[in-house]
Amino acid sequence: MLRAPKRSTQLGLLALAIVLALGWTLRESYVVEERLTAAKAALTSGRAQVLDGDPAARQTLARAAVDTKIARDAVRNPVFSLVAHVPYLGRPFRTIAGIAEVSDELAGRSLPRLVDASAGLTAVRKASSSDLPLGELSRLAKPLTALDRDLQRQVFGLEHLPSSPRIGPLENARTTLLRQLRGVAGPIGASFVVNDGST
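Being a predicted model, the structure only gives us computed values, none of them experimental.

Rules used in this analysis
Residues numbered from 1 in each chain as written. Predicted model: local features only at pLDDT ≥ 70, side-chain atom pairs only at ≥ 80, totals over all residues. Heavy atoms only, no water. Helix = DSSP H or I, 4+ residues; strand = E, 2+ residues; numbered from the N terminus. Rg over C-alpha atoms; globule rule 2.2 N^0.38 Å. Buried < 20%, exposed > 50% of the residue type's maximum accessible area, 1.4 Å probe, protein only. Contact = heavy atoms within 4.5 Å. Areas by Shrake-Rupley, 256 points an atom, 1.4 Å probe, with all protein chains shown as cover. Lys, Arg positive; Asp, Glu negative; His and termini not counted. Charge placed at Lys NZ, Arg CZ, Asp CG, Glu CD. Phe/Tyr/Trp six-rings, centres within 6.5 Å; stacked < 30°, edge-to-face > 60°. Lys NZ or Arg CZ within 6 Å of the ring centre and 35° of its normal. Expected span 1.5 Å × (residues − 1). Patch = residues over 30% accessible without salt bridge, like charges linked within 9 Å, V, L, I, M, F, W, Y side chains within 5 Å. Salt bridge = Lys/Arg side-chain N within 4 Å of Asp/Glu carboxyl O. Bend = angle between axes of the 7 residues up to and from the residue.

Asker: Sorry, what's going on with the overall build of the protein here?
Answerer: Broken down by element type, the protein carries 6 helices and 0 strands. Along its sequence from the N terminus, the protein presents helices and strands in the succession α-α-α-α-α-α. Since a compact globule built from 199 residues should have a radius of gyration of about 16 Å, the 22 Å found for the protein marks it as more spread out than a globular shape. Dimensions of the protein along its principal axes, counting C-alpha atoms only, are 90 × 35 × 30 Å. Within the protein, the proportion of its 199 residues that are buried is 40%. Considering only contacts within the protein whose residues lie at least 6 apart along the sequence, 71% involve residues at least 24 apart. Total accessible area on the protein is roughly 11700 Å²; 62% of this is exposed by carbon and sulfur atoms. The averaged location of the 18 negative side-chain charges in the protein is 9 Å from the averaged location of its 26 positive side-chain charges.

Here it is as structure tokens:
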């Protein structure tokens, strides 16, 4: 006849499962940090290339997107997601997950859209006020509107992540990414207003 496990055995197994889940989540957090650090350098140079109209921007962003996708996949792991939803204890892990998600959207979707529009934006910037390329402005209105929506959604997501003032590097990463996103979103929103008024 089988006997039910003792309560102390059940508690011991539960404690072991919690320790293993936390250990796994910490390990994945280091993977995320490593990949986002690698992506940060590429995103920084990619952002500068996009703003300068450099055609190498697409390749730079593709390199960053590989790293951000690995980071995003790590935070979508079921164990990581479970720990991230534990009250209070999961707050920093929710922040890590949010940063990884936004970074992946930025590298894989938003900045490539900006690359697509950058040639047209360069033509508009170089045009004299008496010779504005209205056709180009009209063509850019839809992709810039979509890009502006993406960037505003990403800013909103970062603003509403749990803050982690006791974990300085994590809070610094969140605020730095938020500041950089606002730096991109501002000019895109402004160009959208210009396009909207011109079309």
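Asker: Would you mind showing me how to read the packing of aromatic side chains here?
Answerer: Two measures describe an aromatic ring pair: the distance that separates the ring centres and the angle between the ring planes. Across all of its chains, the model carries 1 aromatic pair by this definition. Pairing F80 with F93 gives two aromatic rings, centres 5.8 Å apart and planes at 85°, and the pair type is edge-to-face. Of the two residues, F80 sits in helix α3 (residues 78-84) while F93 sits in helix α4 (residues 91-126), which places them 13 residues apart along the sequence. The same class applies to F80 and to F93, which are both buried. Positioned over the ring face of W24 is R27, at 5.0 Å from the centre of the ring.

Asker: Could you clarify how one ought to interpret unusual backbone geometry in this entry?
Answerer: Negative phi characterises most residues that are not glycine, and trans characterises most peptide bonds. Look at Y88: it is not a glycine, yet its phi comes out positive at around 60°. Along the chain, the position of Y88 falls in the loop between α3 and α4. The exposure class of Y88 is exposed, given its relative accessible area of 61%.

Asker: Is there a simple way to explain helix α1 (residues 7-52) in this structure?
Answerer: Residues three or four positions apart in an α-helix share a direction because the helix packs 3.6 residues into each turn. A rise of 1.5 Å per residue sets the reference length of α1, with its 46 residues, at 68 Å; its end C-alpha atoms lie 65 Å apart and thus fit the reference within 8%. Residues A21, T25, E28, S29, V32, L36, A39, A42, L43, G46, Q49 and V50 constitute the buried set of α1. Those residues of α1 that are buried lie in contact with α2 (57-75), α3 and α4.

Asker: Sorry if this is basic, but what is going on with a nonpolar patch on the surface here?
Answerer: Taken together, the side chains of L11, L14 and I18 make up a nonpolar region of the molecular surface, amounting to roughly 280 Å² of accessible area. Note that L14 resides in helix α1.

Asker: Honestly, helix α5 (residues 134-159) in this entry has me stumped. Any pointers?
Answerer: The end-to-end C-alpha distance of α5, which contains 26 residues, comes to 36 Å, matching closely the 38 Å that a straight helix rising 1.5 Å per residue would cover. By the largest-angle criterion, A141 marks the main kink of α5, which is about 35°, and a proline, P143, follows within four residues. Along α5, the residues classified as buried are L137, L140, A141, L144, A146, L147, D148, D150, L151, Q154, V155 and L158.

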